[in-house]
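Analysis of the macromolecular model
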Amino acid sequence: PGRKVVRPWPESLTWSDGLDTFIDPSLMRQPSTHAVGKRNNKAVSRLVSGNRSPNQPLYLDSPPSYDSTIASWGWEDILHWIAGVGLDDTREIGDVFKEQRITKGAALLRLEESHLKEMGVVKIGDRVLLLEALEELRTQAGLVDSRKYISVDMLMDQLDSARARRYLQMYPKRLILIRHGESQGNVDSSKYATVPDCKLPLTDLGIQQAKEVGKSLQDLLSGETVSFYVSPFMRSRMTYEYIRESFHDEQVLYYREDPRIREQEWGNFQDPEEVAESLAKRREVGAFYFRFPTGESGADVFDRVSTFLETLYRDMQKGMCGDNAVIVSHGLFCRLFLTRFYHWT
């Protein structure tokens, strides 16, 4: 810029002689020194001041100075640019450009490798030099190569997409919900009045159910890895222990007892008469919102499900679950887990 040499194409010029007197190549090849923007505190602190549109490229230090006249170049300008590329046979390439009507700066700036091949530039070395010079020319003209300059918004979108793809690759294939086997409280509800809910064990039938579930689960998973999340209530822990018998040690990557996936609290000890009275009130209020005295409502369990899901997602994103995540819990918890997971009403 400011020293552009414009001369007609001399028919008598021998291109192998006196080329340096015809044009100064240093005027045509000015490498860009602008760094690529990066998303970090130092980069942000060095942003050029002023308003920036969402798609405007981010530069460090200072923005490049562009030559807006390149797009309006004529044939003589293009001819001098070709001479500065450093080709072995500049005259031949110049004839090709003229024959293909690459005589305007706007057309020159749009040239790609496929165009050069179609034009008959067959020598790889010539194409490499031309493409490198074209890239620098487009940079000088303000046509920023998106491979080198990128907007912050575009960069963050790409990072978010890449992070999502990576998380999906680490997620388990299945989330499996298992309700505990038959417990003594399922057979005799009076047990709740004398035995804390968390200490009720499985019946013989419940033990058999758990063993059968273990075999069925192993058949389903076919040797895949698995992680277990288990309610600390005795009937759930026993169910897990009998399921675990069907799995090899190397299959089980992770085991955790989590109190958030326990059964809904109905009270410390459940007197039959008080329970009957509470159930009648629950029918009036609604099963989801009614809170048992010294116990919980369905909405309380829903809140526990929500916080447990946050932990589960973090574990999945770390790849801790392996191929399958198995939750051994209780009937209401499983139903509310599905409600929360699928956003049901």
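Not measured: the values here are computed from a predicted model. Going along each chain's sequence as written, the residues are numbered from 1 onward. Under the rules for a predicted model, residues below a pLDDT of 70 receive no local features and side-chain atom pairs below 80 are neither given nor counted, while totals for whole chains, interfaces and linings still include all residues. Just so you know, side-chain values use all the structure's heavy atoms and leave hydrogens and water out.

1. Thoughts on helix H10 (residues 204-221)
Counted only if it meets this: Helix numbers and strand numbers start at the N terminus; a helix is a DSSP run of H or I with at least 4 residues, a strand a run of E with at least 2. One less than the number of residues in a helix, times 1.5 Å, gives the span that helix is expected to have. Residue burial is assigned from relative accessible area. The probe radius is 1.4 Å, only protein chains are included, and a residue is buried under 20% of its type maximum, exposed over 50%, and partly exposed in between. In this description, the arc belongs to the directions extending from the helix axis to the C-beta atoms. Whether two residues are in contact is decided by their heavy atoms: any pair within 4.5 Å suffices.
Here H10 spans 26 Å end to end across 18 residues, near enough to the 26 Å set by a 1.5 Å rise per residue. When we look at burial in H10, the residues that qualify are Gly206, Ile207, Ala210, Gly214, Leu217, Gln218 and Leu221. Buried residues of H10, viewed axially, fall in a sector of 115 degrees; they line one side. In this structure, H10 carries Asp204, Lys215 and Asp219 as exposed residues pointing more than 90 degrees from its buried face. Taken together, the buried residues of H10 touch strand E1 (174-179), strand E2 (226-230), helix H11 (234-244) and strand E4 (324-329). Directly after H10, the chain includes Ser222, whose backbone phi takes a positive value near 55 degrees.

2. Brief notes about the nonpolar core
Our working rule: To form a nonpolar core, buried Ala, Val, Leu, Ile, Met, Phe, Trp, Tyr and Cys residues must be joined to one another through side-chain atoms within 4.5 Å.
Core analysis: the largest hydrophobic core is formed by 24 residues, its most contacted members being Trp81, Phe97, Leu108, Leu111 and Leu130. Those elements that place two or more of their residues in this core are helix H3 (75-83), helix H4 (90-99), helix H5 (105-109), helix H6 (113-119) and helix H7 (124-140). With 16 residues, the next largest nonpolar core counts Tyr229, Phe308, Ala325 and Leu336 among its residues.

3. With respect to the pairing of E2
Inclusion rule: Should DSSP find at least two bridges between two strands, the strands are taken to pair. For a crossover, the right-handed case is the one in which the path from the first strand over the helix to the second runs clockwise, viewed with the strands pointing away from the viewer.
Buried residues dominate E2, accounting for five of its five residues. Side chains Val226, Phe228 and Val230 of E2 all project onto a buried face; the interleaved residues Ser227 and Tyr229 project onto the opposite face, where all are buried too. Here E2 runs beside strand E3 (residues 252-257); their pairing, made up of five bridges, is parallel. Directly across from Val226, in E3, lies its bridge partner Val252. Handedness of the crossover is the feature at issue here: the chain leaves E2, passes through H11, returns alongside E3, and the resulting connection is right-handed. Pairing geometry for E2 and E4, over five bridges, is parallel. Bridging from a neighbouring strand, Val226 pairs with Asn324 of E4.

4. Focus on the pattern of salt bridges
Quick note on the threshold: For salt bridges, the criterion is a side-chain nitrogen of Lys or Arg within 4 Å of an Asp or Glu carboxyl oxygen.
Using the criterion set out here, one finds 14 salt bridges in the structure. Of the charged contacts, one joins Lys173 and Glu224 as a salt bridge, the two residues approaching to 3.0 Å between their closest N and O atoms. Of this pair, Lys173 sits in the loop between helix H8 (152-170) and E1 while Glu224 sits in the loop between H10 and E2; the two residues are 51 residues apart in sequence, bridging distant segments of the chain. For Glu224, a relative accessible area of 15% gives the class buried. In this structure, Glu296 and Arg304 form a salt bridge, with 2.8 Å as the shortest nitrogen-oxygen distance. The class for Glu296 is buried, based on a relative accessible area of 10%. Shared partners join several salt bridges into a network, and the residues in it are Arg262, Glu265, Glu296 and Arg304.

5. Regarding the packing of aromatic side chains
Where we set the bar: In summary, the pairing rule links any two rings of Phe, Tyr or Trp, Trp by its six-membered ring, whose centres are within 6.5 Å, and it sorts them by plane angle into stacked for under 30 degrees, edge-to-face for over 60 and tilted for everything else.
Considering all chains together, one arrives at 15 aromatic pairs under this definition. Residues Tyr171 and Tyr313 carry aromatic rings whose centres are separated by 6.5 Å and whose planes lie at 40 degrees to one another, so their mutual orientation is tilted. Here the residue Tyr171 occupies a position in the loop between H8 and E1, and Tyr313 occupies one in helix H13 (residues 298-317), the gap between them amounting to 142 residues. Take Tyr313: its relative accessible area is 32%, and that puts it in the partly exposed class. Plain terms: the ring middles of Tyr240 and Tyr255 are 4.5 Å apart, the flat faces sit at 25 degrees to each other, and that makes the pair stacked. Residue Tyr240 is found in helix H11, and its partner Tyr255 is found in strand E3; the two are separated by 15 residues along the sequence. With a relative accessible area of 10%, Tyr240 lands in the buried category. Under the relative-accessibility criterion, Tyr255 is labelled partly exposed at 35%. Members of the aromatic cluster, each reached through a chain of ring pairs, are Tyr229, Tyr254, Phe308, Phe333, Phe337, Phe341, Tyr342 and Trp344.

6. What about the packing of H10 against H11?
This is how it is decided: Between N-to-C directions, angles cover 0 to 180 degrees, with each direction set by a line fitted to C-alpha atoms, over the stretch in contact for helices. For classification, angles of less than 35 degrees are called roughly parallel, those exceeding 145 degrees roughly antiparallel, those between 65 and 115 degrees roughly perpendicular, and all remaining angles oblique. Should the near helix be turned anticlockwise from the far one by less than a right angle, the crossing is termed left-handed; should it be turned clockwise, right-handed. Amino acids are sorted into nonpolar (Ala, Val, Leu, Ile, Met, Phe, Trp, Tyr, Cys and Pro), charged (Asp, Glu, Lys and Arg) and polar (every other residue, Gly among them).
Contact geometry for H10 and H11: axes closest at 7 Å, N-to-C directions at 45 degrees. In this view, H10 runs oblique relative to H11, as classed from their interaxial angle. Considering the relative orientation of H10 and H11, their crossing is right-handed. On H11, the residues touching Ile207, Ala210, Lys211, Val213, Gly214 and Leu217 of H10 are Met238, Thr239, Tyr242 and Ile243. Looking at the contact of H10 with H11 residue by residue, the class counts come to seven nonpolar, two polar and one charged.

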